[in-house]
Amino acid sequence: MAAIEITGGTALEGETWISGAKNAVLPILVASILGDEPSRIGNVPHLRDVTTTMELLGQLGASLAVDEQMNIEIDPRGIHSCEAPYELVKTMRASILVLGPLVARHGRAVVSLPGGCAIGSRPVNLHLRGLEQLGAKVSVQNGNIVAEAPRLTGARIVMDMVTVTGTENLMMAATLAKGTTIIENAAQEPEVIDLANYLKAMGAQIEGAGTHVLTITGVERLGGAEHRVLPDRIETGTFLVAAAMTGGCIKLTNAAPHDLDAVLDKLSETGAELASGADWISLDMKGQRPRAVDITTSPYPAFPTDMQAQFTAMNTIAEGTGIITETVFENRFMHVQELQRLGADISLKGNSAVIRGVDVLHGAPIMATDLRASAGLVLAGLVARGKTLVDRVYHIDRGYELIEEKLGQLGARIRRVESVEAALAERTDS
Ligand code: UD1
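The text that follows walks through the structure, step by step, so that each part is easy to find. Since the model is a prediction, treat every value here as computed from it, not as a measurement.

### Side note on the overall build of the chain
Link 1 in the chain: Of regular secondary structure, the chain possesses 15 helices and 24 strands.
Link 2 in the chain: In summary, the chain has a C-alpha radius of gyration of 22 Å against a globular reference of 22 Å for 430 residues, a match within 12%.
Link 3 in the chain: Taking all 430 residues of the chain together, the buried fraction comes to 58%.
Link 4 in the chain: Considering only contacts within the chain whose residues lie at least 6 apart along the sequence, 73% involve residues at least 24 apart.

### Regarding helix α7 (residues 190–202)
Link 1 in the chain: For α7, which comprises 13 residues, the first-to-last C-alpha distance of 19 Å matches the rise-based estimate of 18 Å (1.5 Å per residue) to within 8%.
Link 2 in the chain: Among the residues making up α7, those that are buried are P190, E191, V192, D194, L195, A196, Y198, L199 and M202.
Link 3 in the chain: For α7, the elements touching its buried residues are α1 (22–31), β3 (39–42), α6 (164–174), β12 (205–207), β14 (226–228) and α8 (233–245).
Link 4 in the chain: Just downstream of α7, G203 is the residue with a positive phi angle, here 115 degrees.

### Regarding the sheet that holds strand β15 (residues 249–253)
Link 1 in the chain: Pairing is mixed across the open sheet formed by four strands, whose spatial order is β2-β15-β17-β16. Looking at the sheet topology across the chains shown, the edges are occupied by β2 (13–17) and β16 (273–276). Ignoring which end each strand starts from, the neighbouring axes of this sheet average 15 degrees apart.
Link 2 in the chain: Pairing between β2 and β15: five bridges, direction parallel.

### Points about the packing of aromatic side chains
Link 1 in the chain: Under the criterion given, the structure shown has one aromatic pair.
Link 2 in the chain: Ring centres of F303 and F311 lie 5.0 Å apart, and the angle between their planes is 90 degrees; this geometry places the pair in the edge-to-face category. The residues F303 and F311 share a single accessibility class, namely buried.
Link 3 in the chain: Residue placement shows K251 over the ring face of W280; its charged tip is 4.9 Å from the ring centre.
Link 4 in the chain: Just above the ring of W17 sits the side chain of K406; from NZ or CZ to the centre is 4.4 Å.

### Quick look at the nonpolar core
Link 1 in the chain: With 77 residues, the main nonpolar core has L34, V50, L99, L131, L152, M171 and L199 as its most contacted residues.
Link 2 in the chain: Among the elements that take part in this core, α1 stands out by supplying seven residues, more than any other.
Link 3 in the chain: Residues in contact with V50, not counting those within four places in the same chain, are V25, L26, L29, V44, P45, M70 and I72.
Link 4 in the chain: The next biggest cluster of nonpolar side chains, apart from the first, holds 63 residues, and it includes I18, M245, A313 and V378.

### Some remarks on the layout of surface pockets
Link 1 in the chain: If you add up the space inside the second largest pocket, you get close to 260 Å³.
Link 2 in the chain: In terms of lining, the second largest pocket is formed by 18 residues, of which the most central are G9, M245, T246, D359 and V383.
Link 3 in the chain: Among the residues forming the lining of the second largest pocket, the class breakdown is nine nonpolar, six polar and three charged.

### Overview of the site of the ligand
Link 1 in the chain: Neighbouring the ligand are 17 residues, the closest being N125, T163, T165, D306 and V328.
Link 2 in the chain: Take P123: an N or O atom from its main chain is 3.3 Å from an oxygen atom of the ligand.
Link 3 in the chain: For the ligand, whose free accessible area comes to 740 Å², the fraction covered by protein is 86%.
Link 4 in the chain: A class-by-class count of the residues in the shell around the ligand yields eight nonpolar, six polar and three charged.

### Some remarks on the pattern of salt bridges
Link 1 in the chain: If you walk through the whole model with that rule in mind, you get 23 salt bridges.
Link 2 in the chain: Salt-bridge contacts for R221 lead to E37; the nearest nitrogen and oxygen are separated by 3.2 Å. A residue pair is termed long-range when its members are at least 10 positions apart, and R221 in the loop between β13 (213–217) and β14 and E37 in the loop between α1 and β3 qualify at 184 residues.
Link 3 in the chain: Between D359 and R289 there is a salt bridge; the shortest N-O distance is 3.3 Å.

### Let's talk about the sheet that holds strand β23 (residues 387–391)
What links the strands of a sheet is backbone hydrogen bonding, and the strands pair in either a parallel or an antiparallel sense.
Link 1 in the chain: Strand order in the open sheet made by the four strands is β22-β23-β1-β24, with mixed pairing throughout. The open sheet has two free edges, formed respectively by β22 (365–367) and β24 (413–417), since each of these has just one partner strand. Neighbour to neighbour, the strand axes of the sheet diverge by 25 degrees on average, direction disregarded.
Link 2 in the chain: With three bridges joining them, β22 and β23 adopt parallel strand pairing. Each residue of the ladder has a partner; that of I366, found in β23, is V390.

### Some remarks on the packing of α1 against helix α2 (residues 48–60)
Link 1 in the chain: Relative to each other, α1 and α2 sit at 5 degrees, their axes nearing to 10 Å. Between α1 and α2, the angle falls in the class roughly parallel. Where α1 approaches α2, its residues K22, V25, L26, L29 and V30 are matched on the opposing element by D49, V50, T53 and L57.
Link 2 in the chain: Within the contact of α1 with α2, the residues separate by chemical class into six nonpolar, one polar and two charged.

The rules behind each value
Residues numbered from 1 in each chain as written. Predicted model: local features only at pLDDT ≥ 70, side-chain atom pairs only at ≥ 80, totals over all residues. Heavy atoms only, no water. Helix = DSSP H or I, 4+ residues; strand = E, 2+ residues; numbered from the N terminus. Rg over C-alpha atoms; globule rule 2.2 N^0.38 Å. Buried < 20%, exposed > 50% of the residue type's maximum accessible area, 1.4 Å probe, protein only. Contact = heavy atoms within 4.5 Å. Expected span 1.5 Å × (residues − 1). Pairing = 2+ DSSP bridges. Axes fitted to C-alpha atoms, helices over the stretch in contact; angles between N-to-C directions. Phe/Tyr/Trp six-rings, centres within 6.5 Å; stacked < 30°, edge-to-face > 60°. Lys NZ or Arg CZ within 6 Å of the ring centre and 35° of its normal. Core = buried A, V, L, I, M, F, W, Y, C linked by side-chain atoms within 4.5 Å. 1 Å grid on protein atoms, 1.4 Å probe; cavity = no way out; pocket = protein on both sides within 12 Å on 5 of 7 lines; lining within 4 Å. Points joined across faces, edges and corners; volume = space filled by probe spheres on them. Nonpolar A, V, L, I, M, F, W, Y, C, P; charged D, E, K, R; others polar. Near = heavy atom within 4 Å. Polar contact = N/O pair within 3.5 Å; in protein donor to acceptor, adjacent residues only side chain to side chain. Areas by Shrake-Rupley, 256 points an atom, 1.4 Å probe, with all protein chains shown as cover. Salt bridge = Lys/Arg side-chain N within 4 Å of Asp/Glu carboxyl O. Parallel < 35°, antiparallel > 145°, perpendicular 65-115°, else oblique.

So far we have only geometry, and geometry alone does not tell us how the molecule works.
Spelled out as structure tokens, the structure:
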């Protein structure tokens with residue numbers, strides 16, 4: 001199993017670019033099946049979750065073509081199946097996003113019920129309840145969610161919790177429903193806005209995207225559209241933290257700094273100097289050690305849970321003590337034990353981690369448990385003395401495009417190896 005080897009100790013310097021947002025491109029690709037004409041999606045990142053989504057849409061019967069620039073053309077006219085099988089759903093929970101569009105457009109959806117995952121039980125009850133409120137008959141049969149409705153009807157839906165994919169699923173479903181749907185306590189993430197913009201380009205009537213109340217007036221049909229996916233704010237934040245941890249100075253292009261306010265505030269608190277324009281951002285740490293920061297994760301516009309592991313990693317070598325509180329997912333501290341293997345001083349108390357910054361971390365073999373945890377581990381490897389081997393990099397490949405190339409471009413000593421064992425054997429040989 002492939003691993004990433006990092007030789008720590010180099011301050012990141014230079015410039016790299018930011019890819020399209022994983023969490024926007026997945027719902028957007030799926031939303032294309034609501035239309036009755038082809039769509040063309042640009043700025044698509046080359047990620048495993050994107051390939052999985054394409055495979056899923058292909059299995060449903062859509063035709064897909066990708067060019068060298070990763071523009072994807074999707075023709076939904078051949079869709080003949082309404083089933084998202086277990087093999088795909090278990091590798092990518094976001095497969096649940098086909099539920100709303102399939103019922104809305106084809107009257108029926110059969111989607112394998114996602115199980116628990118490394119970061120918690122992650123139920124989909126709010127997706128299902130919302131669809132029922134739109135008039136779908138929903139049941140669970142042999143591990144599959146089965147949802148049916150000749151045509152959905154608009155309704156007022158009050159979400160018990162803020163859920164990103166839940167909001168997206170119901171917003172997509174409501175575009176073709178009869179009448180008006182109001183979704184209250186909707187997710188306000190930039191990726192929800194990007195999806196709404198694409199749906200509007202297809203002919204949907206949506207108001208309030210980016211606020212906590214969405215109003216969707218159902219239309220009879222949607223066409224196709226051209227859309228360019230927004231830049232990935234989590235990848236942007238991850239590289240900025242990497243620069244801050246290593247005392248470096250970097251510039252990121254093709255970025256959207258205005259989507260990152262909560263993260264940038266915390267980076268300023270560490271002592272970093274930030275500058276930005278409409279589509280770029282730079283961070284200069286001037287060779288200093290970052291100051292520890294306290295963080296509480298919450299839905300947008302508050303601090304994102306998807307940046308929690310990276311800030312946990314930064315606090316391990318920061319000056320002072322930082323407390324990180326995770327309120328979105330119940331079990332999102334799997335990276336803590338791995339960071340402790342590098343010498344981090346962290347104690348867990350309920351949903352908080354108290355991190356006392358140490359002077360040095362020491363490289364060791366460690367294991368990635370989920371996508372963002374693995375990013376935190378790679379960042380720790382950048383500052384650890386000696387070599388760190390991060391195993392199970394398939395988690396990273398789900399959400400970070402060309403991570404070794406991009407970090408390498410910034411001066412990091414990082415390479416992909418065939419396996420942890422092979423890399424360790426190579427060291428003994430030499
Ligand atoms: C999305 C993101 C993920 C991010 C997360 C929170 C995508 C593809 N993934 O995941 O990167 O970490 O938002 O920002 O966009 N919940 C319920 N019932 C439901 C749905 C959710 O109880 O029906 C709970 C979850 O267990 C969790 C919280 O709501 O505690 C938020 O989860 P949610 O926003 O739904 O996360 P995802 O959409 O799966």
